[in-house]
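Geometric and topological summary
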Amino acid sequence: MRKIWALLAIVAFILIWWWLSASAVSSFLPNPLQSVQALFRRLSAPRGMSHVWLSLYRVCVGTFLGAVIGTVLGIATRYVKAIEVVVRSVIYPLLQSVPTICWAMVFIIWFGLNGVAPILSVMVAAAPFFIINTWEGMKELDANLIEMASSFTRSRFRVLGKVVLPMLYPYLFAATKSGFMIAWKIIIPAEIFGSTAGMGYRVHYAFSNHMIEDVFGWTLAFAAILIFFDYGVFNLIDRKFVRKWKPQESKQS
Amino acid sequence: MEAAGIKTIVVSDLCKRFGWLEVLSDINFDVKQGELVCILGPSGCGKTTILRIIAGLVPHYYGSVLLEGEDIRINRDSLHNTAIVFQEPRLLPWRTVWQNIRLSLELRNKKMEADDEQLVEHALALVGLSEFAKSFPHQLSGGMKQRVALARALVTQPQMLFMDEPLTGLDLRNREELQDEILRIWNEKKVSLLLVTHDPAEAIYMADRIIVLSGRPSSIRDIISVSIPRPRPRDAAETLALEQYIRSLFGDD
């Protein structure tokens, strides 16, 4: 029943869009079909898909770098006091408060228009999610399980690998999901400023040349990609793997 | 039962404070090779703390603990011949029974060895859970979980086995069943077994010697050798008289 209502809402949305575009404002609002057609024209052009792949590649690499840095920093705060102070009072607030677009500009100043800047922008946008989720996970870490593991070994490294990291997996998954979604939202402006290729570059090109149908077409593409990853990829992984992983009741028998 | 007479565990002048609060005062006792010793005391008397100190899990204390003649503060190698079973099973929820037992080997050894799989199988058989190898902890009853924890300790082939109220969370039937099972394994493996409990009946049923703790800070009230031949009756006059005497020691504070 919920699905039927959701479907109806989507159909209604498309109809209203269509109706609006058919009225006086049509030159500023192409109808859905025109937008989709424009998108497919662009994608089927020579090297058309390459912009999509490039943006996807940047999002993945940037999120991955952010994941590594964020997770390492997040875990290190637990073990090294100095790192905790630096991360909590400088790095994390800085990452949280500086608008990502400013990071993008800084990276363009440093690295130019060679495509490094968008990746680094995605990285700084994604990293805080990994820091905060790692902290969250650390708070919930079962001290009993860690004590049990430490009773068998003196190697903190082995305890980290066999017990602490696996306990963090659900939190890292949540961070990957939020980080990846944010990455898609930040890659577009980052590419508008700092790249000569990619979906952000293309939508900006269309915008500058008053190709309104193309602007709407690309916008639909962004939405479609996000929805695909949210429902198609992450929800599937969540249902198949992550829920099994979460501690049911490890405290008492 | 005190056949060999070699002292595997020697605790001398042990004192422990938490801040200003003195919890243990002047604890002296030993455990001979292959002996089953119970540390018995009312809850909150610090008996678990003694066990945790001997197991090398508490860094700060006064006095000394010798395992196989080596002070654990100077040479921690002898801790490799120990294993501990906690009050809660402390199993990793994302690992199967088999993998949970294997964990202690993974933590203890840098590399897995060829016969490790056989060790796991043997430990699993010893606690009678062979057909549950592939089950996850949440599919097991409380008693079964504690058996897995026991197998996880046994798989490292310890000379000294420490148990911290391992049967407290279980119902009476499970508790008596596991008492017998622990006795059987202790007999078969010839380990020195140090068992913490608050239940006088349990101590009388199982122990060669009972160390009775009481008072604030806790000190040793008496060390009782139990010479009733095994298998011991659970409610013979002799047992009940002993239990009454122990309870009278508890009542002092």
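Residues numbered from 1 in each chain as written. Chains lettered and ligands numbered in written order. Predicted model: local features only at pLDDT ≥ 70, side-chain atom pairs only at ≥ 80, totals over all residues. Heavy atoms only, no water.

Section: the overall build of chain A
Within chain A, the secondary structure is distributed over ten helices and zero strands. Starting at the N terminus, the α and β elements of chain A follow one another as α-α-α-α-α-α-α-α-α-α. When burial is assessed residue by residue, chain A has 43% of its 253 residues classed as buried. Carbon and sulfur atoms provide 71% of the accessible area of chain A, an area that totals close to 14,100 Å². Charge centroids of chain A, computed over 23 positive and 11 negative side chains, lie 4 Å from each other. (Helix = DSSP H or I, 4+ residues; strand = E, 2+ residues; numbered from the N terminus. Buried < 20%, exposed > 50% of the residue type's maximum accessible area, 1.4 Å probe, protein only. Areas by Shrake-Rupley, 256 points an atom, 1.4 Å probe, with all protein chains shown as cover. Lys, Arg positive; Asp, Glu negative; His and termini not counted. Charge placed at Lys NZ, Arg CZ, Asp CG, Glu CD.)

Describing the interface of chain B and chain A
With 29 residues of chain B in contact, the opposing surface of chain A contributes 24 residues. Taken as a group, Arg90, Trp94 and Leu107 of chain B account for 31% of the area that chain B buries against chain A, more than any other trio of residues on that side. Scanning the region where chain B abuts chain A turns up three salt bridges. A salt bridge links Glu147 of chain A to Arg52 of chain B, with the nearest nitrogen and oxygen atoms 2.3 Å apart. If you look at where chain B meets chain A, you find eight residue pairs in polar contact (both at pLDDT 80 or more). Element by element, the count of residues in the side of chain B that touches chain A is highest for helix α2 (residues 97–108) of chain B, at five residues. Looking at side-chain class alone, the side of chain B that touches chain A contains 13 nonpolar, six polar and ten charged residues. (Contact = heavy atoms within 4.5 Å. Buried area = accessible area lost by both parts, 1.4 Å probe. Salt bridge = Lys/Arg side-chain N within 4 Å of Asp/Glu carboxyl O. Polar contact = N/O pair within 3.5 Å; in protein donor to acceptor, adjacent residues only side chain to side chain. Nonpolar A, V, L, I, M, F, W, Y, C, P; charged D, E, K, R; others polar.)

Points about the packing of helix α5 (residues 100–111) of chain A against helix α8 (residues 156–194) of chain A
Residue and element names in this part refer to chain A. Relative orientation of the contacting elements α5 and α8 amounts to 35°, with a least axis distance of 10 Å. Taken as a pair, α5 and α8 cross one another with a handedness that is right-handed. Only Ile186, Pro189, Ala190, Phe193 and Gly194 of α8 make contact with α5, whose side of the interface consists of Thr100, Ile101, Ala104, Met105 and Ile108. Of the residues that constitute the contact of α5 with α8, the class distribution is eight nonpolar, two polar and no charged. (Axes fitted to C-alpha atoms, helices over the stretch in contact; angles between N-to-C directions. Left-handed = near helix turned anticlockwise from the far one by under 90°.)

Quick look at the side chain of Glu147 of chain A
Along the chain, Glu147 of chain A falls in helix α7 (residues 143–152). Judged by relative accessible area, which is 16%, Glu147 of chain A ranks as buried. If near-sequence neighbours (up to four positions away) are discounted, Glu147 of chain A is found in contact with Arg52, Leu57, Phe86 and Arg90 of chain B.

What about the nonpolar core?
Within the largest apolar cluster, 107 residues are counted, with the highest numbers of intra-cluster contacts made by Phe29, Ile54 and Ile210 of chain B. If near-sequence neighbours (up to four positions away) are discounted, Phe29 of chain B is found in contact with Ile9, Val10, Val11, Ile39, Ile50, Ile54, Leu194, Ile211, Ile220 and Ile223 of chain B. By size, the runner-up hydrophobic cluster in this structure holds 25 residues, among which are Val59, Ile188, Val203 and Ile225 of chain A. (Core = buried A, V, L, I, M, F, W, Y, C linked by side-chain atoms within 4.5 Å.)

Focus: the packing of helix α1 (residues 2–22) of chain A against helix α2 (residues 32–44) of chain A
All names here are of chain A. Orientation of α1 relative to α2, taken along the N-to-C sense of each, is 95°, at an axis distance of 9 Å. Between α1 and α2, the crossing angle belongs to the class labelled roughly perpendicular. Two secondary-structure elements touch here, α1 through Ile14, Trp17 and Trp18 and α2 through Pro32, Leu33 and Ser35. Split into classes, the residues belonging to the contact of α1 with α2 amount to five nonpolar, one polar and no charged. (Parallel < 35°, antiparallel > 145°, perpendicular 65-115°, else oblique.)

Overview of the confidence of the model for chain A
All names here are of chain A. Here chain A averages 87 in pLDDT, and 94% of its residues register 70 or above. When pLDDT is averaged over each element of chain A, helix α3 (residues 48–79) comes out on top at 92 and helix α10 (residues 212–245) at the bottom at 85. Confidence drops under a pLDDT of 50 for residues 248–253, and excluding neighbours within four residues, the segment shows 18 contacts in the predicted structure. (pLDDT = per-residue confidence, 0-100.)

Side note on the side chain of Arg209 of chain B
By the element assignment, Arg209 of chain B lies in strand β9 (residues 209–214). At 2.7 Å, the side chain of Arg209 of chain B forms a polar contact with the backbone oxygen of Asp30 of chain B.

Focus on the pattern of salt bridges
Applying the stated criterion to the full structure yields 27 salt bridges over all chains. Two residues, Lys139 of chain A and Glu136 of chain A, come together in a salt bridge whose shortest N-O distance is 3.5 Å. A residue pair is termed a helical-turn pair when its members lie 3 or 4 positions apart in one helix, as Lys139 of chain A and Glu136 of chain A do in helix α6 (residues 116–140) at three residues. By relative accessible area, Lys139 of chain A is classed as exposed at 63%. For Glu117 of chain B, the salt bridge goes to Arg102 of chain B, with nearest N and O atoms at 2.8 Å. Within this pair, whereas Glu117 of chain B is found in helix α3 (residues 116–126), its partner Arg102 of chain B is found in helix α2, the two being separated by 15 residues in sequence.

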